[in-house]
Amino acid sequence: MSEEQAASVAPERIPWSILVAVVLAWFGLWYLTPGLLSDGAGRLVTDDAALSTLFETVLALMLAIGLVLAHRGYSRELFARSRTCWFYALPIATAIALPFHYGLELPVALYLFWMTVSVFWQDYLTFGLLQKYLAERLTTSMVLIASAVIFWAGHAIFLPDAFAPTRGLPSLAILALGLVLASLRIWLTTLHVILALHLTFYFVFA
């Protein structure tokens, strides 16, 4: 096969300009992660912590629904039925047990709603859409590294007191977590395990 013939049958890759725009959009959307910032979008509406959290959670939910509907092809693959759906038994069980050990100020029902939306928002944005867009242009190994670094950068930029490079171990831990989650998504192709484990973590340690 000639080079011209090979080029004609090779899958078309998205332009670099589109990929850069997607990454920039990711940072803009990451800023809207519910509860990410003490002076986030909710504080523009109210100073009440519960109402502010509720506002940011509803906003993220509405945007997430819009993104899912706008990316139906990607979403069908990311949420395809598989045996890994059984992992959702973990967050369901820990959610049932949550009221018996819950110690935060926000109402437990609000916390459950907040964390469920927030985890979906974070994982769908990063290891779902972002990773799928990166795969349209980059090799698998580059996708793995790029998605983990962007995930780390989002934490380092918006939460510098906790995850900036100068924080040492916590910063490296977020980068390592990004590598693990990105690897799981590549290996399993769906988001079920990532969502289930992420939710379980928040429900256990609340």
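Residues numbered from 1 in each chain as written. Predicted model: local features only at pLDDT ≥ 70, side-chain atom pairs only at ≥ 80, totals over all residues. Heavy atoms only, no water.

Draft legend 1. Region of interest: the overall build of the protein chain. Summing up its helical and strand segments, the protein chain has ten helices and zero strands in all. Each helix and strand of the protein chain, ordered N terminal to C terminal, gives the series α-α-α-α-α-α-α-α-α-α. Reported as C-alpha extents along the three principal axes, the dimensions of the protein chain are approximately 65 × 40 × 35 Å. The buried share of the protein chain, taken over its 206 residues, is 42%. Put simply, the protein chain has 10 plus and 12 minus side-chain charges, and the middle of one group is 11 Å from the middle of the other. (Helix = DSSP H or I, 4+ residues; strand = E, 2+ residues; numbered from the N terminus. Buried < 20%, exposed > 50% of the residue type's maximum accessible area, 1.4 Å probe, protein only. Lys, Arg positive; Asp, Glu negative; His and termini not counted. Charge placed at Lys NZ, Arg CZ, Asp CG, Glu CD.)

Draft legend 2. Quick peek at the nonpolar core. Grouped together as the largest cluster of nonpolar side chains are 48 residues, with contacts concentrated most on Trp 26, Phe 27, Tyr 111, Phe 127, Leu 130, Leu 191 and Phe 203. Contributing elements (two or more residues each) for this core: α2 (16–30), α3 (49–70), α4 (72–78), α6 (108–135), α7 (140–158), α9 (169–188) and α10 (192–204). For this core, the element with the highest residue contribution is α6, accounting for 13 residues. When near neighbours in sequence (up to four residues on either side) are disregarded, Phe 127 contacts Leu 78, Gln 122, Phe 151, Gly 178, Leu 181, Ala 182, Arg 185, Leu 191 and Ile 194. (Core = buried A, V, L, I, M, F, W, Y, C linked by side-chain atoms within 4.5 Å. Contact = heavy atoms within 4.5 Å.)

Draft legend 3. A look at the side chain of Asp 123. Inspection of the secondary structure puts Asp 123 in helix α6. Among the polar contacts made by the side chain of Asp 123, one reaches the side chain of His 198 at a distance of 3.0 Å. Among all residues touching Asp 123, those that are not within four sequence positions of it are Gly 128, Leu 191, Ile 194, Leu 195 and His 198. (Polar contact = N/O pair within 3.5 Å; in protein donor to acceptor, adjacent residues only side chain to side chain.)

Draft legend 4. α6, seen in detail. Counted at 1.5 Å a residue, the expected span for α6 with its 28 residues is 40 Å, and the 38 Å between its end C-alpha atoms agrees. At Tyr 124, α6 is bent by approximately 35°, the largest bend along its length. The buried count for α6 comes to 20 of 28 residues, which makes it a mostly enclosed element. (Expected span 1.5 Å × (residues − 1). Bend = angle between axes of the 7 residues up to and from the residue.)

Draft legend 5. Looking closely at the packing of α3 against α6. Two elements in contact, α3 and α6, have axes whose closest approach is 9 Å; the angle formed by their N-to-C orientations is 40°. In terms of their interaxial angle, α3 and α6 are classed as oblique. Once α3 is placed against α6, the crossing between them reads as left-handed. Contact residues: Ala 50, Thr 53, Leu 54, Thr 57, Val 58, Ala 60, Leu 61, Leu 63, Ala 64, Leu 67 and Val 68 in α3; Leu 110, Phe 113, Trp 114, Val 117, Phe 120, Trp 121, Tyr 124, Leu 125 and Leu 129 in α6. Class assignment for the residues of the contact of α3 with α6 results in 18 nonpolar, two polar and no charged. (Axes fitted to C-alpha atoms, helices over the stretch in contact; angles between N-to-C directions. Parallel < 35°, antiparallel > 145°, perpendicular 65-115°, else oblique. Left-handed = near helix turned anticlockwise from the far one by under 90°. Nonpolar A, V, L, I, M, F, W, Y, C, P; charged D, E, K, R; others polar.)

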